[in-house]
Each structure stands twice: as structure tokens, then as C-alpha cells.
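# A look at the structure
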Amino acid sequence: MDEILKMALLIGVGILSGFINVAAGGGSAITLPVLIFLGLPTAAANGTNRIGVLMQNISGVYSFQREKYSDFKLSMKLALCSVPSAIIGAMFAISLNDETFKIILGVIMIGIIATLFIPVKKNNNDGEDKKKYLQAYILMFLVGFYGGFIQAAIGFLIMASLKFTLKINLTLINMHKLFIVLINTIPALIVFAISGNVYWVYGIILGLGNAAGAWWSAKLQVKKGDKLVKAVTALIMVFMILKLFGVV
């Protein structure tokens, strides 16, 4: 394939992936196959993809901040809770049987879809507030391990965890999610780079597309609210479930 076409393809899938990842998750299901199609080994595709994830989350976080959606103090606390366990998960990661992995991931996604559409009651009690934050920190530690160990669908798990602990709307949850994934991506990218599994040119070009898609998605979410997030999340996850079980 001509290099110009490769660049155009990377920017195009980057925009789509960035929009999907900020609105819901699962964008890497698009970018990873494309990177492999362009000739990158799987490890290099995984590492190169992290550049796009990093740039997209920086763009998304900044876009939310420009729209007055930010809580860096809480976002940082949640992110830091997930970092140690993510490192542990990565260190002890082992290969899972493909079929077992697909079944586990499919069941998780079905559960997450259900949680996103179940209404939650708000509670203004101070004691309950302290409890919900503690629960959120514990869940971020567990989710961090999952991210280091398996990674797939980490964004969906963060969304479901924060929805039922912090009891805030999905737009705010996505704002926190972007910051958490941003912080987790940095050490992962460093590991891939040190091992020589990052193609910087491809990654930066992909990242430019990711950043553009993320910026647009964040601004649109602020205007459209939870309805957009729920619709995109449901559509993407249904497709991924069908894909995992070989229906499509």
C-alpha cells in the first residue's frame, strides 16, 4: 500500500477510534487490526496503539476542561489507585485460552450494558459520600489489575464501577475515565518503547486522528449528555459481544 494511503487510513481510523473511546470504549478493536494489517507485529501494534490512546486522552481531558467538565483532584486519586495494581497485573499476566477469554469478556460486557441502563438513586448523606469514594478507590485498584492483566474493555469496567459508586452522570464518568486511562497508559507505553515495540511515525499519525475524534466526542457529549453515551456504548458493546461469540 502507498505510504500516503497508509497515513490517510491511520488518520481515518484514529478519528473513529478516538470518538468511540471517549463516548464509550472499544476503539482499539478498530485500530489494532489496522496496525497489524499495515505489517506491524502484534506486540508492536499493541505498543504503537498506546501513542494514539495517550494523545486521544490528553485531547479528551483538555476538551472536557474547556467545557467546564473537570475534577482533576478526584480524577488523579482514582487514577493513582489503579496504577500499582495495573503494574502488578502486567507483571503476572499469563496467556488465557482464547475461548475462555471470549466467554469471560462477553459475559462481562453483557453485565456492563445492564448496569449502564439501571437507574441509581442519589444520596447526599456525608457518611454515604465517604463510603462511596472508598468503594470507588477499591474498585479502581481492582480494575487496574484487570487492565494490566487483560486490558480489553477496561474503559467499560471503569464506567460501570464509577456509575455505581459515585452515582454521577455518564458524561462526568467519561471525563474521569479519560484521566484514569491517560495515567495508566504512560507506564505501559514506556515498557513497550523500551522493548522496541513502538513504531513512532505510525503511532503519532494515528494519534493525531485519535486526538481529533476525542476532541469532537467530548464536546458533543457535553451538549448531548447521557443519551449519546448510552447509545454509543450499547451499539459498540453489542457488536463486540457478537464478534466475540463468532456471530459476526
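Check the entry above for the structure.
This write-up is about the structure you can find in this document.

## Observations regarding the nonpolar core
Within the largest apolar cluster, 34 residues are counted, with the highest numbers of intra-cluster contacts made by Leu-78, Met-140, Ile-158, Leu-162 and Ile-180. Counting residues per element, the ones that place at least two in this core are α1 (3–23), α3 (42–66), α4 (72–91), α6 (126–149), α7 (154–166), α8 (170–194), α9 (200–224) and α10 (226–244). The dominant element in this core, judged by the number of residues it contributes, is α8, at eight residues. Not counting residues up to four positions away in its chain, the partners in contact with Met-140 are Leu-78, Cys-81, Ser-82, Ser-85, Ile-158, Ser-161, Leu-162 and Ile-180.

## Re the pattern of salt bridges
Applying the stated criterion across every chain, the model contains two salt bridges. Between Glu-67 and Lys-219 there is a salt bridge whose closest N-O contact spans 2.5 Å. Of this pair, Glu-67 sits in the loop between α3 and α4 while Lys-219 sits in helix α9, and the two are 152 residues apart along the sequence. The class of Glu-67 is partly exposed, set by a relative accessible area of 24%. Residue Lys-219 is classed as partly exposed on the basis of its relative accessible area, which comes to 26%.

## Notes on α8
End to end, α8 covers 36 Å across 25 residues, agreeing with the expected 36 Å (1.5 Å per residue, within 8%). Along α8, the helix axis deviates most sharply at Thr-185, where the bend reaches about 25°; the proline Pro-187 sits within four residues downstream. A large share of α8 lies buried, amounting to 18 of its 25 residues. For α8, the capping residue at the N-terminal end is Asn-169, with a side-chain oxygen 3.0 Å from the backbone nitrogen of Thr-171. Looking one or two residues past α8, Gly-196 carries a phi angle of roughly 80°, positive in sign.

## Section: a nonpolar patch on the surface
Together, Ile-88, Leu-134, Ile-138, Phe-141, Leu-142 and Phe-145 make up an exposed nonpolar region whose accessible area comes to about 540 Å². In terms of residue count, the dominant contributor to the nonpolar patch is α6 (five residues). Tracing the backbone shows Leu-134 in helix α6. With a relative accessible area of 51%, Leu-134 lands in the exposed category.

Cut-offs and rules
- Residues numbered from 1 in each chain as written.
- Predicted model: local features only at pLDDT ≥ 70, side-chain atom pairs only at ≥ 80, totals over all residues.
- Heavy atoms only, no water.
- Core = buried A, V, L, I, M, F, W, Y, C linked by side-chain atoms within 4.5 Å.
- Buried < 20%, exposed > 50% of the residue type's maximum accessible area, 1.4 Å probe, protein only.
- Helix = DSSP H or I, 4+ residues; strand = E, 2+ residues; numbered from the N terminus.
- Contact = heavy atoms within 4.5 Å.
- Salt bridge = Lys/Arg side-chain N within 4 Å of Asp/Glu carboxyl O.
- Expected span 1.5 Å × (residues − 1).
- Bend = angle between axes of the 7 residues up to and from the residue.
- Polar contact = N/O pair within 3.5 Å; in protein donor to acceptor, adjacent residues only side chain to side chain.
- Patch = residues over 30% accessible without salt bridge, like charges linked within 9 Å, V, L, I, M, F, W, Y side chains within 5 Å.
- Areas by Shrake-Rupley, 256 points an atom, 1.4 Å probe, with all protein chains shown as cover.

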